[in-house]
Amino acid sequence: MKAAGEGGDEAERGTVVTPSAEFPPLGHDERAALGRIGERWREPRRPDDLPIDPTLGRSGRSPRPTRFGRLAPIEMFTVEEPDELLAREPARVPGSRAGRLLSRTRRTLFGPPISSASVLYERMRKLVALPVLSSDLLSSVAYGPEAMLGVLLLAGSAALGLSLPLAALLMVLMIAVGVSYRQTIPAYPHGAGSYIVAGDNLGRTPGLAAAAGLMLDYVLTVSVSVSAGVHAVTSALPAMAPATVPLGVLVIAVVLAGNLRGVRTAGNIFVLPTYAFVVAVVALLVVGYARAAGRGFAPVPSPAVPAAEGLGLLLVLRAFSSGAVSMTGIEAVSNAVPAFRRVEWRNARTTLGWMVAMLVVLFAGLVGLVHLDGLVPRPGETLLSQLGRVTFPPGPWYAILQATTALILLLAANTAFNDFPRLLFFMARDGHVPRRFLHMGDRLAFSNGLVALALAAGLILVAFRGNTASLIPLYAVGVFLAFTLSQAGMVVHWRRRRGRGWRRRLAVNAVGAILSGLVLLTAAVSKFTEGAWVVVVAVPLLVLLFQRIHRHYATLHRALALHPPVTAPPGPAGSAEGEELPQEVRHLVVVPVARLNRASLRALAYAASLGQPTLAVHIAPEESEADRFREQWRAWGDHLRLETIVSPYRAVIGPLAHYLEALHTTRPELTLTVIVPEVVLRRRWHRPLHSRAEQRLRAALRALPGVVVTTVPVHLAE
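All of these numbers come straight from a predicted model, not from anything done at the bench. (Residues numbered from 1 in each chain as written. Predicted model: local features only at pLDDT ≥ 70, side-chain atom pairs only at ≥ 80, totals over all residues. Heavy atoms only, no water.)

Draft legend 1. Layout of the nonpolar core. Ranked by internal contacts, the top residues of the largest apolar core, which has 146 residues, are V222, V226, I330, F417, M427 and F480. Top contributing element to this core by residue count: helix 8 (residues 204-236), with 17 residues. Sequence-distant contacts of V222, that is, excluding residues within four places in its chain, are made with I252, A413, A416, F417, L453 and A457. Residues V590, L670, L672 and L704 belong to the second largest nonpolar core, which totals 20 residues. (Core = buried A, V, L, I, M, F, W, Y, C linked by side-chain atoms within 4.5 Å. Buried < 20%, exposed > 50% of the residue type's maximum accessible area, 1.4 Å probe, protein only. Helix = DSSP H or I, 4+ residues; strand = E, 2+ residues; numbered from the N terminus. Contact = heavy atoms within 4.5 Å.)

Draft legend 2. Local environment of the pattern of salt bridges. Counted under the stated rule, the structure contains six salt bridges. Where R295 meets D373, a salt bridge forms, and the shortest distance between an N and an O atom there is 3.1 Å. Of this pair, R295 sits in the loop between helix 10 (263-294) and helix 11 (313-323) while D373 sits in helix 13 (residues 344-373), placing them 78 residues apart in sequence. Put simply, E623, D627 and R630 are held in one network by salt bridges that share partners. (Salt bridge = Lys/Arg side-chain N within 4 Å of Asp/Glu carboxyl O.)

Draft legend 3. Region of interest: the sheet that holds strand 4 (residues 614-620). One open sheet accounts for five strands, arranged 5-4-3-6-7; its pairing is parallel. Among the strands making up the open sheet, the edge pair consists of strand 5 (641-646) and strand 7 (707-715). Strand after strand, the sheet turns through a mean of 25° between neighbouring axes, direction not considered. Pairing of strand 3 (residues 586-592) with strand 4 involves four bridges; the strand directions are parallel. If you follow V590 over to strand 4, its bridge partner there is L615. Its contacts with the sheet put helix 23 (residues 623-636) on strand 4 and strand 5, and the angle it makes with strand 5 is roughly 165°. This element, helix 25 (residues 693-701), spans strand 3, strand 6 (670-680) and strand 7 of the sheet and lies at about 155° to strand 6. (Pairing = 2+ DSSP bridges. Axes fitted to C-alpha atoms, helices over the stretch in contact; angles between N-to-C directions.)

Draft legend 4. Molecular detail of helix 15 (residues 397-411). For helix 15, built from 15 residues, the straight-helix expectation of 21 Å at 1.5 Å per residue is met to within 8% by its first-to-last C-alpha distance of 21 Å. For helix 15, the set of buried residues is Y398, L401, Q402, T404, T405, A406, I408, L409, L410 and L411. (Expected span 1.5 Å × (residues − 1).)

Draft legend 5. Inspection of the packing of helix 5 (residues 144-152) against helix 11 at higher detail. Running from amino to carboxyl end, helix 5 crosses helix 11 at an angle of 170°, the nearest separation of the two axes being 7 Å. By the criterion of interaxial angle, the relationship of helix 5 to helix 11 is roughly antiparallel. Facing helix 5, whose interface residues are G144, A147, M148, V151 and L152, helix 11 presents L315, R318, A319, S322 and G323. Residues belonging to the contact of helix 5 with helix 11 are distributed by class as follows: six nonpolar, three polar and one charged. (Parallel < 35°, antiparallel > 145°, perpendicular 65-115°, else oblique. Nonpolar A, V, L, I, M, F, W, Y, C, P; charged D, E, K, R; others polar.)

What follows is the structure, encoded as structure tokens:
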């Protein structure tokens with residue numbers, strides 16, 4: 001895993017996330033082994049000795065209408081280079097009516113497919129990336145101060161005075177972590193922030209722990225943001241409170257659909273709400289502080305609230321960690337560096353600087369204004385809603401503030417939808433999550449990761465009934481675990497690199513690591529019984545799962561990796577699956593025959609045409625039927641060897657599978673090619689009328705090594 005210093009070549013190039021990541025290149029040793037295997041490859045005919053023209057362009061025959069192309073002739077393929085065809089868009093249209101209907105629906109909802117060559121253009125400029133990646137960070141000021149004040153209020157209204165020094169400490173933490181991530185971006189311009197930084201400098205397990213924390217953070221970001229947004233709506237429209245959960249699920253579905261349309265399209269959709277929220281809150285602060293200046297900045301006395309708990313260090317730490325949720329999303333830019341236009345790391349670092357500055361101003365301004373106006377959290381209405389009612393005169397301003405707050409909270413989930421699939425992409429590239437997360441969909445978006453995030457967030461939202469207060473205790477542990485490991489990893493990074501100004505940079509990251517670690521410990525201990533235990537337990541379980549997945553992929557790679565060919569000793573070989581050269585393969589073709597009809601005769605003819613030893617097998621329920629079938633076989637001409645198995649208990653698949661297993665055990669070096677006749681049904685309602693024995697046989701033989709199952713189809717004319 002290569003890192004680059006600021007301004008280095010790697011930093012200038014960045015890392016392009018491309019659809020080709022699903023097809024990693026061969027290593028040097030495997031390429032050498034491939035060449036040695038090719039030197040021993042012997043084939044009975046020349047590779048280009050084919051009965052057709054594979055480029056489809058020189059045959060002179062126009063294509064005719066088929067079930068795959070009814071509007072023939074359609075030029076679905078074009079010759080771009082010698083021995084290379086380009087599949088055009090019509091080639092991806094399914095042949096079935098249901099498939100074409102689904103394709104048209106997808107095109108209507110998500111737009112037409114985008115070519116792989118456009119991946120470099122599906123990126124964001126800074127003015128678009130700022131609202132897209134900062135919506136989570138900036139929207140958290142709508143509930144972060146309230147979460148902090150809600151904990152302080154447990155000690156009575158007299159404890160609310162601690163909100164100002166706690167806010168000052170949180171501002172220091174925001175700046176320290178923000179500056180730390182500004183240093184991380186040019187050092188690791190390939191994205192995936194905490195996961196790669198921690199893994200590169202602290203080891204694989206800390207990297208996976210950071211990834212687990214980030215994944216939980218992203219899932220909870222969607223759940224908390226949506227639930228808080230719905231709460232903002234119900235604060236203004238209390239009649240909608242009973243529909244909190246359905247509204248939240250609907251919002252998640254809408255954000256998912258927007259992101260499935262692609263990065264650039266989603267960015268254009270979500271730009272306006274973020275900027276509108278910033279303008280509305282800045283207007284709130286300007287008007288609020290102007291009103292406070294009119295009374296000489298004298299604070300309004302807070303309503304008397306009796307103390308439910310004693311004011312102690314643990315409660316203050318709980319309040320501090322609750323307010324720290326205002327920082328969630330600060331790592332978004334470092335995780336999404338490849339989503340920026342060139343030069344990626346420089347644009348990302350500039351965007352992060354703007355984000356942190358806006359966060360500090362909004363957070364400090366709101367906490368100070370709440371203190372001056374003497375407001376306290378109360379059930380049924382958010383603190384920001386109370387502030388809007390007190391600050392703005394009668395008119396549309398309060399409605400605008402609530403509308404923009406609801407929009408940014410509802411769409412703040414978009415930050416997670418940008419970063420979560422990219423994190424899965426990098427983890428899948430390293431073999432820690434399923435490789436299907438490497439796949440880019442029609443619109444060059446990581447569709448599988450987007451759907452996985454939406455499902456997980458939707459389940460949590462339903463499980464907690466959209467209650468923001470119940471979700472926030474789960475929130476801080478995962479994200480500050482990632483913060484802590486990332487900053488600690490950067491400390492190790494600077495100690496190793498020791499470039500220009502490394503001591504100053506190490507000190508900045510060390511401060512960020514210490515402060516983040518304190519918040520992590522505080523949140524884990526103080527909120528453990530409130531729900532943080534879920535994250536504390538989930539992180540090691542996820543790390544264990546990632547390690548098991550990696551172990552499986554490592555085993556798969558060892559099994560499929562290319563090795564130099566070895567000369568087989570004389571005599572039987574060990575296993576048919578170890579053969580990689582045509583001259584090493586020993587065939588036995590087996591054709592199960594239930595009855596002699598057109599389908600079975602076609603399968604027998606196909607098997608005989610291969611020119612390999614062929615055996616036909618018939619399963620009879622009783623001796624008399626076996627004799628009758630042998631008589632029919634002789635009438636056909638007895639062209640192939642027939643083996644009859646009597647199954648007195650009338651089972652077919654089991655005896656046949658065990659017989660083939662016995663053949664394989666006797667000669668493990670043989671490749672058994674089982675050719676099964678299959679009647680292809682054109683209508684779905686016909687399927688229950690047939691036993692589909694070929695599918696059950698394929699399933700029974702799948703676990704048997706050295707066995708190839710193929711079907712010879714016979715299509716019905718109706």
